[in-house]
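Remarks on the overall topology
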Amino acid sequence: MKVITAAATGMCFGVRDALVTLSDIEQPQSVAIYGELVHNEVVLHQLQTRGFQQVAETERTSIPAAPQIVITAHGISNRRRHELTAAGKTLIDTTCPLVTRLHRAARELSDSGAFVVVIGRADHVEVQGVTDDLESFAVVRSVDEVGTYPATRIGVVCQTTFPTTDAAAIRQQIATCNPTATIQWTDTICQPTKDRQQALNELLDQVQAVVVVGGRQSHNTLRLVNTCRQRGVAVFHIEQSTELDPHWFDGIATVGLTAGTSTLPETLQQVHDRLTAIASH
Ligand code: SF4
C-alpha cells in the first residue's frame, strides 16, 4: 500500500503561535484558558498536565477565579473582553489575526448600516464571539437556513474555517432571497483552511481511502471528513495513531493522509509512521 500525505495539512500558524505563547508561561497554575484552546484532545490533555485551568466553552459566560486569562485563537467579543478586564483580569491574547480580521470586517459592515449575515455555525465559539458585538445579524450554516432579511444592504462574512464551495452556494442563495438588496461579501475564510481543502481535493483524485487526523469536535477536521464522504471515498477519522486498525486497509492500494489545523506535528508524524508500517506488511 502506498501512503500519500496531502500537500497542505496539519497545524496552522494561528494554533502554533497560541501554543508557543502558552509554552512561555512559567506559572500555568495562575492562568485559566477561556474555552478550549483548540478542539484537540491531545493538546488539551498536555495543557491540563502542565497545570492550566480550563474553562469549558459552555461556561464562558462566567468570570474565572484565576488572575490571568488566556483568550484562545478563536477569539472573543469586545463586550466579553471588557467584562474580563473590568473584573481585574490580565488577558493573554492568542486570538488568531485571521479571526481578528473577521471581527473587524463584521464590525465595519455593521457600523456602515448593513445587516450582517455570518456564514457559519451559530454554536461555534468563533461565531459567537463575532455576533456578541452585533446588534442585528443572522447566522446561516446551510442554503436551507437563508432567509429574506429586513435590509436594503446586507454584509456577508464567513466563519474562518468554513468550506469555500459551501460558502459560495450560501452567498448565491442570499442574493436569490434578497433580490433588491445590495450585498457586500467580505471573504474571511482563512488561507490555511483554503489550502487544506484544496490539497484534500487533489489528494482525493489519487487514493481509495483517506485517514483524517484531528479532534472529534474540530470543525475544520469534520469538514475534511465530510469532503471525503461527499466524494464517495472511504474515510477514517482518528485522533491518535493507536486508533489505526490494519484491517481498515485490506484491498486498499493507495491511502491518503491529512489532518485538521489543530493537530500537533508529532501526532501527524506518528500516524504517518504507523501507516507506513502497516503498508509494508
Ligand atoms: S484555522 Fe485559520 S483562523 Fe483558525 S487559528 Fe488557524 S489560521 Fe487562524
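What comes next is a walk through the structure. (Residues numbered from 1 in each chain as written. Predicted model: local features only at pLDDT ≥ 70, side-chain atom pairs only at ≥ 80, totals over all residues. Heavy atoms only, no water.)

By nearness alone, every residue bordering the ligand is listed as Cys12, Phe13, Gly14, Cys96, Leu98, Val99, Thr160, Thr161, Cys190, Pro192 and Thr261. Taken together, the elements giving at least two residues each to the shell around the ligand come down to helix 1 (13–23) and helix 4 (97–111). Across the shell around the ligand, the residue classes break down as seven nonpolar, four polar and no charged. Here the shell around the ligand gathers at least three residues from each of two domains, domain 2 (13–96) and domain 3 (98–185). (Near = heavy atom within 4 Å. Helix = DSSP H or I, 4+ residues; strand = E, 2+ residues; numbered from the N terminus. Nonpolar A, V, L, I, M, F, W, Y, C, P; charged D, E, K, R; others polar. Domains from an automatic or database assignment.)

Of all hydrophobic cores here, the largest spans 18 residues; its most connected members are Leu22, Leu37 and Val70. Those elements that provide at least two residues to this core are helix 1, strand 2 (31–34) and helix 2 (41–50). Ranked by the residues each element gives to this core, the list is headed by helix 1, at four residues. Those residues within four positions of leucine 37 in sequence are excluded, and the remaining contacts are Ala18, Leu19, Leu22, Leu44, Leu47, Val70, Thr72, Ala73, His74 and Thr94. Core analysis: the second largest hydrophobic core is formed by 16 residues, Tyr149, Val156, Phe162 and Ala167 among them. (Core = buried A, V, L, I, M, F, W, Y, C linked by side-chain atoms within 4.5 Å. Buried < 20%, exposed > 50% of the residue type's maximum accessible area, 1.4 Å probe, protein only. Contact = heavy atoms within 4.5 Å.)

One pass over the structure, following the stated rule, counts nine salt bridges. In this structure, arginine 231 and aspartate 205 form a salt bridge, with 2.6 Å as the shortest nitrogen-oxygen distance. Remark: aspartate 205 occurs in the loop between helix 7 (191–204) and strand 10 (209–213) and arginine 231 occurs in the loop between helix 8 (219–230) and strand 11 (234–238); sequence separation between them is 26 residues. (Salt bridge = Lys/Arg side-chain N within 4 Å of Asp/Glu carboxyl O.)

Turning to the packing of helix 7 against helix 8, a few remarks are in order. Two packed helices can be described by the angle between their axes and the distance between those axes. Following both chains from N to C, one finds helix 7 and helix 8 inclined at 30°, their axes separated by 11 Å at the closest point. The pairing of helix 7 with helix 8 is recorded here as roughly parallel in orientation. Crossing of helix 7 against helix 8: the hand is right-handed. In contact with Arg196, Leu200, Asn201 and Leu204 of helix 7, helix 8 contributes Leu224, Thr227 and Cys228. Of the residues assigned to the contact of helix 7 with helix 8, the class counts are four nonpolar, two polar and one charged. (Axes fitted to C-alpha atoms, helices over the stretch in contact; angles between N-to-C directions. Parallel < 35°, antiparallel > 145°, perpendicular 65-115°, else oblique. Left-handed = near helix turned anticlockwise from the far one by under 90°.)

Here the focus is the pairing of strand 7 (residues 137–140). Along any regular strand, the residues point their side chains to alternate faces of the sheet. Residue alternation in strand 7 divides its side chains into a buried set, Ala138 and Val140, and an unburied set, Phe137 and Val139. Sheet topology note: the strand 6 (residues 115–119)/strand 7 ladder contains four bridges and is parallel. The partner of valine 118 across the bridge, within strand 7, is valine 139. Once the chain exits strand 6 it traverses helix 5 (residues 125–131) before rejoining the sheet at strand 7, and the crossover so formed is right-handed. (Pairing = 2+ DSSP bridges. Right-handed = clockwise from strand over helix to strand, strands pointing away.)

So, on to the environment of phenylalanine 52. Note that phenylalanine 52 resides in the loop between helix 2 and strand 3 (53–55). Measuring from C-alpha to C-alpha, the distance between phenylalanine 52 and threonine 258 comes to 29 Å, with 206 residues separating the pair along the chain. Setting aside residues up to four positions removed in sequence, phenylalanine 52 forms contacts with Leu22, Ile25, Pro28, Val31, Ile33 and Leu47.

Here we take up the sheet that holds strand 5 (residues 90–93). On the basis of which strands lie adjacent, the open sheet formed by four strands has the order 3-2-4-5 and parallel pairing. At either margin of the open sheet sits one strand with a lone partner, and together these are strand 3 and strand 5. On average, each strand axis in the sheet is inclined to that of its neighbour by 30°, with strand direction left out of account. Summarising the sheet, strand 2 and strand 3 pair through three bridges and their orientation is parallel. The partner of tyrosine 34 across the bridge, within strand 3, is valine 55.

Moving on, we come to empty space enclosed by the protein. Going through the model one piece at a time under the given rule, you end up with three cavities of 30 Å³ or more. In this model, the largest cavity occupies a volume close to 310 Å³. If you trace the largest cavity, you find 24 residues lining it, with Cys12, Val15, His74, Thr161 and Thr261 closest to the centre. Broken down by secondary-structure element, the contributors of at least two residues to the lining of the largest cavity are helix 1, helix 4, helix 7 and helix 8. Sorting elements by how many residues they give to the lining of the largest cavity places helix 1 first, with three residues. Classifying every residue of the lining of the largest cavity gives eleven nonpolar, twelve polar and one charged. In terms of lining, the second largest cavity is formed by Thr161, Thr193, Arg196, Gln197, Asn220, Arg223, Leu224 and Thr261. Going through the elements one at a time, helix 7 and helix 8 are the ones with two or more residues in the lining of the second largest cavity. Considering only residue class, the lining of the second largest cavity consists of one nonpolar, five polar and two charged. (1 Å grid on protein atoms, 1.4 Å probe; cavity = no way out; pocket = protein on both sides within 12 Å on 5 of 7 lines; lining within 4 Å. Points joined across faces, edges and corners; volume = space filled by probe spheres on them.)

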